[in-house]
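Residues per chain, in single letters:
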Protein chains: 2
Amino acid sequence: MSKELVFGHQNPDTDAIVAAKAFSYLQNKLGYDTEAVALGEPNAETQFALKHFNEPAPRVIEQAGNEVDAVMLVDHNEPQQSVSDLADLTVTHVVDHHRIANFNTAQPLWYTARPVGCSSTIILDLFKENGIDIPANLAGLMLSAIISDTLLLKSPTTTPADEKAVKELAQIADVDYETYGLEMLKAGTDLASKSDLELVDGDAKSFELGGKQVRVGQVNTVDLDDVFSRQDALETVMKDENDAKGYDIFLLLATNILNSNSELLVVGEPKDKVEAAFGKKLNDQNRMSLPGVVSRKKQVVPPLTDAFA
Amino acid sequence: MSKELVFGHQNPDTDAIVAAKAFSYLQNKLGYDTEAVALGEPNAETQFALKHFNEPAPRVIEQAGNEVDAVMLVDHNEPQQSVSDLADLTVTHVVDHHRIANFNTAQPLWYTARPVGCSSTIILDLFKENGIDIPANLAGLMLSAIISDTLLLKSPTTTPADEKAVKELAQIADVDYETYGLEMLKAGTDLASKSDLELVDGDAKSFELGGKQVRVGQVNTVDLDDVFSRQDALETVMKDENDAKGYDIFLLLATNILNSNSELLVVGEPKDKVEAAFGKKLNDQNRMSLPGVVSRKKQVVPPLTDAFA
């Protein structure tokens, strides 16, 4: 069997990195020849988790077709979030917890999607269905991914399956997940060390909505002032990114992980579609507050999809 | 929880009918409120299986939005093979063994695809993963679906998972699957009783390939003469269908289930793409022989996809 690469989305978050490592480990146990790689460097939160569980970061690739013919995707399926040469490759496996959009194959494949909070929650089930044990350090990373995606089980994306998975993985990894989880989340909110571009684009994803190229970034913080004290500079790079990459509009969701409220900053057009999506006006600083909104996937992309349709 | 409808593709074959019944049964055991329905009447083979295992045919629907907001798809995902008002509905679950094409959702969902010979093979695994027992008559139907899709485990789409599933289901249903299977397949080849339209379109599926609307029908027989003694009349209805439904080209694959060879009849354009797909010329009767070809999914659609691309 030819070697395959396993990777998560561009601008990888903790789940994108960890799910690739976990799924690659599982597939190798099942007889495949795979390597977990990444479409970008791990962010500060992921680095904290990798260091804590003494695991190396995956190798970063720019394209895959120079190494392999076939790939496995985790934590994404939309081509514009994937490796640049995806169209030249055969996707044999997908494990994901997002909507399916613009994902087309010529051949049947393995596709496991479930509406849960984290890809690593699904992968835990796949380990169990196949009767494969999870090493303690990998369990610690999978735990980290679920804590990251669900903001310590507080996001509305959290399901009973995620809660169950966190408890099972914490036991295998032998950690107090609440203490460890808050430490890890805080490690990801050191915004002072991030450039303006890293802040707005470090976790951003592209969506094609009603023919418009919509870029949506998200940044976690323990103090919204840490973001908006830099608003002028952030708007400048968002506008530059729109011009350079052909985005019509750039949204930055700044999320306070302590009280689960967000503030949205918008650069580009059509702004009226964003206002329609959330049923409120942007203020004169191109911002709106979104109390209780913490999930891009569940609380931001669906209303945008409807408003842009 | 609101009621959902579960159904397979238009022009249902045995798997489309049976997988809907089996997945609906499983989901109801898991706490959902579902009803298995169908997008067409069961064919002669399916009727034989339903009668043998004393199970009713599912109710036939034309649209779903007048009854429910959400649906579960089995044995298909491509919208043009699904219910006419699919765009107005939320798809919450898919179980399928085909390529993924033009299938887009606004929300995360349950999607279980595996590259095996039959949807019912996947559903057997889902029963086992959830620890739910399969009643004997339902096991008999699922066995029938796998026999139908794999031509008694002889099609190149057959995988070790299908072979294992057939043996497990035969035990639950308490049938000799080889004797029963040949009987069932032969029940589906009584072509004399079929109208010309039923013969060419009864099992046909639409594919959008390189911007062309391609219709591909398949008919099983124990004697190719039973099909081609009617060629003039079949060509007339294929041309009429192209004109009426806007297909660019109509392909009819007539498959001899005893020796696993097929003969392809083509009406419409571009014929040169079909010739390119299979690397041979159509004869002066617009036909070509395809020895060893029995699987539309694995041996016909992929080369067409490449040639039309």
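Nothing here was measured: the structure is a model prediction, and the numbers come from that model.

(A) Layout of the domain arrangement of chain A. Residue and element names in this part refer to chain A. Parsing chain A into structural domains produces domain 1 (4-187) and domain 2 (196-308). Here domain 1 and domain 2 have C-alpha centroids that lie 25 Å from each other. When the two sides are added together, the surface that domain 1 and domain 2 hide from each other amounts to roughly 1600 Å², 53% of it contributed by carbon and sulfur. When residues of domain 1 are sorted by the area they lose upon contact with domain 2, Asn11, Arg99 and Leu151 head the list and together hold 32% of the total. Applying the counting rule to domain 1 against domain 2 returns 0 salt bridges. Where domain 1 meets domain 2, there are 6 residue pairs in polar contact (both at pLDDT 80 or more). Residues that form the side of domain 1 that touches domain 2 fall into these classes: 4 nonpolar, 8 polar and 5 charged.

(B) Geometry of the interface of chain B and chain A. Across the contact, 22 residues belong to chain B and 23 residues belong to chain A. Of the roughly 2100 Å² buried at the junction of chain B and chain A (both faces included), carbon and sulfur atoms supply 58%. Run the count over chain B and chain A and you get 0 salt bridges. Scanning the region where chain B abuts chain A turns up 8 residue pairs in polar contact (both at pLDDT 80 or more). Of all the elements in the fold, those that place two or more residues in the side of chain B that touches chain A are strand 6 (110-113) and helix 11 (296-308) of chain B.

(C) Inspection of the sheet that holds strand 3 (residues 59-60) of chain B at higher detail. One open sheet accounts for 12 strands, arranged 3(A)-2(A)-1(A)-4(A)-5(A)-6(A)-6(B)-5(B)-4(B)-1(B)-2(B)-3(B); its pairing is mixed. At either margin of the open sheet sits one strand with a lone partner, and together these are strand 3 (59-60) of chain A together with strand 3 of chain B. Of the strand pairs in this sheet, strand 4 (residues 70-74) of chain B and strand 5 (residues 90-96) of chain B are connected by 5 bridges, and their pairing is parallel. Across the sheet, the residue bridging to methionine 72 of chain B is histidine 93 of chain B, located in strand 5 of chain B. Along the sheet face, helix 1 (residues 14-29) of chain B touches strand 1 (4-7), strand 2 (34-38), strand 4 and strand 5 of chain B and points at about 175° away from the line of strand 2 of chain B. Of the strands in this sheet, strand 5 and strand 6 of chain B touch helix 3 (residues 119-129) of chain B, which is tilted by about 100° from strand 5 of chain B.

(D) The relation of the copies chain B and chain A, seen in detail. Overlaying chain B with chain A gives an RMSD of 0.0 Å, the required rotation being 180° about an axis along which the chain moves by 0.0 Å. When the rotation and shift are considered jointly, the pair of chain copies conforms to a two-fold rotation axis. Judged by C-alpha distance, threonine 112 of chain B is the residue of chain B that lies nearest the rotation axis, at 2.5 Å. Of the residues that chain B buries at the interface, 100% are likewise interface residues in chain A, meaning the two copies contact each other through the same surface.

(E) Here's a closer look at helix 3 of chain B. Counting buried positions along helix 3 of chain B yields 8 of 11 residues, so the element is predominantly enclosed. Glycine 131 of chain B lies just past helix 3 of chain B and shows a positive phi near 65°.

(F) Structural detail: helix 1 (residues 14-29) of chain A. Residue and element names in this part refer to chain A. Its 16 residues place the ends of helix 1 23 Å apart at the C-alpha level, agreeing with the 22 Å of an ideal helix rising 1.5 Å per residue. Within helix 1, 13 of the 16 residues are buried, which leaves it mostly tucked inside the rest of the structure. Positive backbone phi, at 110°, marks glycine 31, one or two positions downstream of helix 1.

(G) Just the environment of alanine 307 of chain A, in detail. All names here are of chain A. On the secondary structure map, alanine 307 appears in helix 11 (residues 296-308). A C-alpha to C-alpha distance of 38 Å links alanine 307 and phenylalanine 48, two positions 259 residues apart in sequence. Non-local contacts of alanine 307, meaning those with residues more than four positions away in its chain, are made with Lys273, Ala276 and Ala277.

What counts, and at which threshold
- Residue numbers here run from 1 along each chain, matching the order of that chain's written sequence.
- Just so you know, chain letters begin at A and ligand numbers begin at 1, following the order they were written in.
- Local features are withheld for residues below a pLDDT of 70 in this predicted model, meaning they are given only at 70 or higher, and side-chain atom pairs are given and counted only at 80 or more; totals for whole chains, interfaces and linings count all residues.
- Computation of side-chain values: all heavy atoms of the structure, hydrogens and water removed.
- Domain segmentation is taken from an automatic or database assignment of domains.
- Buried area counts how much accessible surface, traced with a 1.4 Å probe, disappears from two parts once they are put together, with both parts' losses summed.
- In the sections that follow, a salt bridge refers to a side-chain nitrogen of Lys or Arg positioned within 4 Å of a carboxyl oxygen of Asp or Glu.
- Pairs of N or O atoms are called polar contacts if they sit within 3.5 Å, as long as, within protein, a hydrogen donor faces a hydrogen acceptor (for residues adjacent in sequence, only side-chain-to-side-chain pairs).
- Polar here means any residue outside two lists: the nonpolar Ala, Val, Leu, Ile, Met, Phe, Trp, Tyr, Cys and Pro, and the charged Asp, Glu, Lys and Arg; Gly therefore counts as polar.
- The contact criterion used is simple: two residues touch if any of their non-hydrogen atoms lie within 4.5 Å.
- Each helix corresponds to a stretch of at least 4 residues labelled H or I by DSSP, and each strand to a stretch of at least 2 residues labelled E; elements are numbered beginning at the N terminus.
- Criterion used throughout: strands pair if DSSP finds at least two bridges between them.
- Orientation is described by lines fitted to C-alpha atoms, with helices fitted over the stretch in contact, and by angles between N-to-C directions that extend from 0 to 180 degrees.
- Our superposition of the copies is a least-squares fit, built on the C-alpha atoms of residues whose pLDDT is at least 70 in both.
- Each residue is assigned to one of three classes by its accessible area relative to the maximum for its type, calculated with a 1.4 Å probe on protein chains only: buried under 20%, partly exposed between the two thresholds, exposed over 50%.
- What a helix should span is 1.5 Å times the count of its residues minus one.

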